Amino acid sequence: MNFSSVHTLGRVAWLEAAFYAAYRMQLPVVLWRLPHRNEQYCLVDMSGGKRSVPPSVLDPQPSFLVSPFVNAPDLSDTICLRPTCLFSTRTPVQDIEAQLAALPGDFRALFYEYLHGKEPLPAGCLPSWQEDTPQEQNRFEALVQRAVNEIAAGKLQKVVLSRRKSLPVESMPPLSRWFASLAACYPHAMVTLLYLPAYGCWLGATPEVLAAQDAQGIFHTMALAGTQAYDPAVPLQEVAWRQKEIEEQALVSRYIINCFKTLRLREFEEYGPRTVRAANLIHLRTDFKVDTRSLAYPQLLDRMLPLLHPTSAVCGMPKDAAMDFLHRHENYDRQLYSGFLGPLGVEGESAFFVNLRCLQYTSGCLHFYAGCGITADSDPRKEWNETCYKMQTLWQGIQS
Ligand SMILES: C=C(O[C@@H]1C=C(C(=O)O)C=C[C@H]1O)C(=O)O
């Protein structure tokens, strides 16, 4: 191998090569780019990705956590990826090569074939967008109506209903190119490309922080709910919200405040609600911050994570009644959609995001996922349209 030619390649090519080599060898791998950052990271786990209670934020070893939507109360079904190899677009090439040396020879061979273009990167075409059938629209609108009726009967206050749209594809799509497009188009989002043997490939650009703790010990979570299409003619400060969205978002804020109360923590700061943009959509958002250093509470994230997931932004209120409704009526397995994912202790930071605005590639199909919060005032047609906009957001991002 000619090292000098390898060294001149952009580091992004190294991430791509590692992704496809791991995918071909059915090893867990994830690429990610945090909101408002430039660096992209890659983690490959040769141990296969074990399920466990999430490691503590105080654990000195970095990891990447992936939780399905349905998890145990102690989150023991979380997949914990440990790095056999972990590098970013800032890592010196010599360091990446030293890490690769620890990987098996067949992985390295594939890796360098992708890196040198001897093995072409997947280049499958984007399928054409197929409109949903009237049956699918009717089914979803009837589901929304059923939820509205149960809410009116006082059985629950809010439930978040979702659906999956599947498009057949002939060959593996250019997932890493789509990852790059999303990273370029959506700087505010957490952009992830993940492969897990049990779940296939997942690509997403999510605007929703579930829980994070930065290197300065600042804990952050948010209540994000209420959705409208973004209209560039209306400044964000002038956007008007209906009572329905205001209440729906307030329920999420109340849910988060209750989590703090469970821990008897009063020292949180609350900002908002404000209108924020997420690609071609806008939402209402309240941010909550806690200075864990001044409170001497470094493990706050460990305590909050199992209380927060799943928040009423993706499940509902009360949580058990909403989950029960979803089990009885939603009629499909969300898998990783509306679960959470993110790095733990990578360069001193941990940040978990709700897995929204995502697609899954598995066995000849692309599956798009989207949901919407249902309250007593929901209109089934508007909720249907909301799921369409959310899917289109991702669709537009990968095409650009
Ligand atoms: C469920 C989704 O989004 C969630 C639901 C929202 C809503 O109901 O308005 C808004 C943001 C997210 O918390 C999704 O994008 O699939």
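A brief look at the structure comes next. As the structure is a computational prediction, the values presented were derived from the model and not from experiment.

### Describing the site of the ligand
Inference 1: Near the ligand, the surroundings consist of 18 residues, among which E208, T227, Y337, R357 and G373 are the closest.
Inference 2: Separating an oxygen atom of the ligand from a side-chain N or O atom of R357 is a distance of 2.7 Å.
Inference 3: Contacts to the ligand include G371, whose backbone N or O atom sits 2.8 Å from an oxygen atom.
Inference 4: Here the ligand loses 99% of its free accessible area of 390 Å² to cover by the protein chains.
Inference 5: Every element with two or more residues in the shell around the ligand is listed here: β11 (218-229), β18 (365-374) and α10 (380-399).
Inference 6: In terms of residue class, the shell around the ligand is made up of eight nonpolar, five polar and five charged.

### Examining the packing of helix α5 (residues 134-152) against helix α9 (residues 319-329)
Inference 1: Running from N to C, α5 and α9 cross one another at 145°; their axes reach a closest spacing of 12 Å. The two elements α5 and α9 cross, and the hand of that crossing is right-handed. Between α5 and α9, the residues in contact are L143, R146, A147 and E150 and F325, R328 and H329, respectively.

### Looking at the side chain of K165
Inference 1: Relative to the assigned elements, K165 resides in strand β7 (residues 158-168).
Inference 2: Within the local environment of K165, its side chain forms a polar contact with the backbone oxygen of Q130, the two atoms lying 2.4 Å apart.
Inference 3: Among the polar contacts made by the side chain of K165, one reaches the side chain of D132 at a distance of 3.2 Å.

### Re the sheet that holds strand β9 (residues 200-206)
Inference 1: Read across the open sheet, the nine strands follow the order β6-β2-β1-β8-β9-β17-β18-β7-β14; overall the sheet is antiparallel. Only two strands of the sheet have a single partner each, and these edge strands are β6 (85-88) and β14 (316-317).
Inference 2: Along the sheet, helix α7 (residues 243-262) contacts β7, β14 and β18; its crossing angle with β7, the most-contacted strand, is approximately 100°.

### Examining the side chain of R285
Inference 1: Inspection of the secondary structure puts R285 in strand β13 (residues 281-291).
Inference 2: Here D287 takes part through its side chain, which lies 3.1 Å from a polar atom of the side chain of R285.
Inference 3: For R285, the residues in contact, after removing those within four places along its chain, are M222, A223, L224, Q249, Y271, G272, P273, R274 and V276.

### Observations regarding the nonpolar core
Inference 1: Counting residues in hydrophobic clusters, the biggest one holds 79 residues, and the most contacted among them are W32, F64, V159, L161, L194 and I374.
Inference 2: For this core, the leading source of residues is α7, giving seven residues.
Inference 3: Residues within four places of L194 in sequence aside, it is in contact with F19, V29, V30, V66, L81, G200, C201, W202, L336 and L341.
Inference 4: Counting residues in hydrophobic clusters, the runner-up holds 50 residues, among them L15, V93, L182 and W395.

### Notes on the sheet that holds strand β10 (residues 209-213)
Inference 1: Reading across the sheet, the nine strands line up as β3-β5-β4-β15-β16-β10-β11-β13-β12 and stay open at both edges, with antiparallel pairing between neighbours. At either end of the open sheet lies a strand with only one pairing partner, and these are β3 (50-52) and β12 (269-278). Going from strand to strand, the sheet's axes swing by 20° on average, the running direction of each strand aside.
Inference 2: Pairing of β3 with strand β5 (residues 78-81), which is carried by three bridges, proceeds in the antiparallel orientation. When the bridges of β5 are listed, K50 appears paired with C80.

### Quick word on the pattern of salt bridges
Inference 1: Here the structure, examined in full by the defined rule, presents 19 salt bridges.
Inference 2: R163 serves as the salt-bridge partner of D132, at 3.2 Å between the closest nitrogen and oxygen. Taken together, the residues span a long stretch of sequence, with D132 in the loop between α4 (105-115) and α5 and R163 in strand β7 at a distance of 31 residues.
Inference 3: For D132, a relative accessible area of 21% corresponds to the partly exposed category.
Inference 4: Here E383 ties to K244 by a salt bridge, and the two come within 2.9 Å at their closest N and O atoms. Here E383, found in helix α10, pairs with K244, found in helix α7; they are 139 residues apart in sequence, far enough to count as distant.
Inference 5: Of the residues examined, E383 reaches a relative accessible area of 3% and is grouped as buried.
Inference 6: Because the salt bridges share partners, they merge into one network encompassing D132, E136, R139, R163 and K165.

What counts, and where the lines are drawn
Residues numbered from 1 in each chain as written. Predicted model: local features only at pLDDT ≥ 70, side-chain atom pairs only at ≥ 80, totals over all residues. Heavy atoms only, no water. Near = heavy atom within 4 Å. Polar contact = N/O pair within 3.5 Å; in protein donor to acceptor, adjacent residues only side chain to side chain. Areas by Shrake-Rupley, 256 points an atom, 1.4 Å probe, with all protein chains shown as cover. Helix = DSSP H or I, 4+ residues; strand = E, 2+ residues; numbered from the N terminus. Nonpolar A, V, L, I, M, F, W, Y, C, P; charged D, E, K, R; others polar. Axes fitted to C-alpha atoms, helices over the stretch in contact; angles between N-to-C directions. Left-handed = near helix turned anticlockwise from the far one by under 90°. Contact = heavy atoms within 4.5 Å. Pairing = 2+ DSSP bridges. Core = buried A, V, L, I, M, F, W, Y, C linked by side-chain atoms within 4.5 Å. Buried < 20%, exposed > 50% of the residue type's maximum accessible area, 1.4 Å probe, protein only. Salt bridge = Lys/Arg side-chain N within 4 Å of Asp/Glu carboxyl O.

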